[in-house]
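Structural overview for review
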Amino acid sequence: IDAGQRDPQELKRSLRQIARSSQRAAHMVNQLLALARAENQGQAPRRHDVPLGEIATEVVRDFVPRAMDKRIDLGYEGPQRGLGPAGRSLLRGNPLLVKELVRNLVDNALLYTPEGGTVTVRVL
């Protein structure tokens, strides 16, 4: 940051690196919290019917600002809320861990997609 006093571009690069590091740290904390919550539910993780489409939609919404920052077209294709059991994609698992799994997939997709690219989350 000291170099930024002489070079505004260097200051911008430093601030971008700080922002990226903060995002990675927050992501890691969220992963650890999800794991702790899952472990706190008992010795054997409880399995429930997890509405994958609803979780994916929620995660995509959470990542829209980040996608917009990179000018990435982030979208969702799959079951919509309110369709009832016939229109929902269910899987058996731990809801917290499934959500963290989807978050990791979307996070990595945005991280490795070039600016101006497209990321589409599809649930069948």
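Quick note: structure is the one above.
Read on for a plain summary of the structure. This is a predicted model, so every value here is computed, not measured.

Here we take up unusual backbone geometry. For residues besides glycine, phi is generally negative; the peptide bonds are generally trans as well. Of note in this structure, Arg 71 is not a glycine but carries a positive phi near 55 degrees. Within the secondary structure, Arg 71 sits in the loop between α2 (52-69) and β2 (73-77).

Attention now moves to the nonpolar core. One finds Leu 74, Val 106 and Leu 110 to be the most contacted residues of the largest nonpolar core, which totals 17 residues. Of all the elements in the fold, those that place two or more residues in this core are α2, β2, α3 (95-112) and β4 (118-122). If you tally residues by element for this core, the top one is α2, at six residues. Excluding residues within four positions of it along the chain, Leu 74 makes contact with Val 60, Phe 63, Val 64, Ala 67, Val 106 and Val 119.

Below, the discussion takes up the layout of surface pockets. The calculated volume of the largest pocket comes to roughly 600 Å³. If you go around the largest pocket, you meet 16 residues; those closest to its centre are Ala 19, Arg 20, Gln 23, Arg 66 and Asp 107. Sort the elements by how many residues they give to the lining of the largest pocket and helix α1 (residues 8-40) lands first, with eight residues. When its residues are assigned to classes, the lining of the largest pocket shows four nonpolar, four polar and eight charged. Taken as a whole, the second largest pocket encloses approximately 150 Å³ of empty space. Together, Asn 30, Leu 33, Ala 34, Arg 37, Leu 96, Lys 99, Glu 100 and Arg 103 line the second largest pocket.

Thresholds applied
- Residues numbered from 1 in each chain as written.
- Predicted model: local features only at pLDDT ≥ 70, side-chain atom pairs only at ≥ 80, totals over all residues.
- Heavy atoms only, no water.
- Helix = DSSP H or I, 4+ residues; strand = E, 2+ residues; numbered from the N terminus.
- Core = buried A, V, L, I, M, F, W, Y, C linked by side-chain atoms within 4.5 Å.
- Buried < 20%, exposed > 50% of the residue type's maximum accessible area, 1.4 Å probe, protein only.
- Contact = heavy atoms within 4.5 Å.
- 1 Å grid on protein atoms, 1.4 Å probe; cavity = no way out; pocket = protein on both sides within 12 Å on 5 of 7 lines; lining within 4 Å.
- Points joined across faces, edges and corners; volume = space filled by probe spheres on them.
- Nonpolar A, V, L, I, M, F, W, Y, C, P; charged D, E, K, R; others polar.

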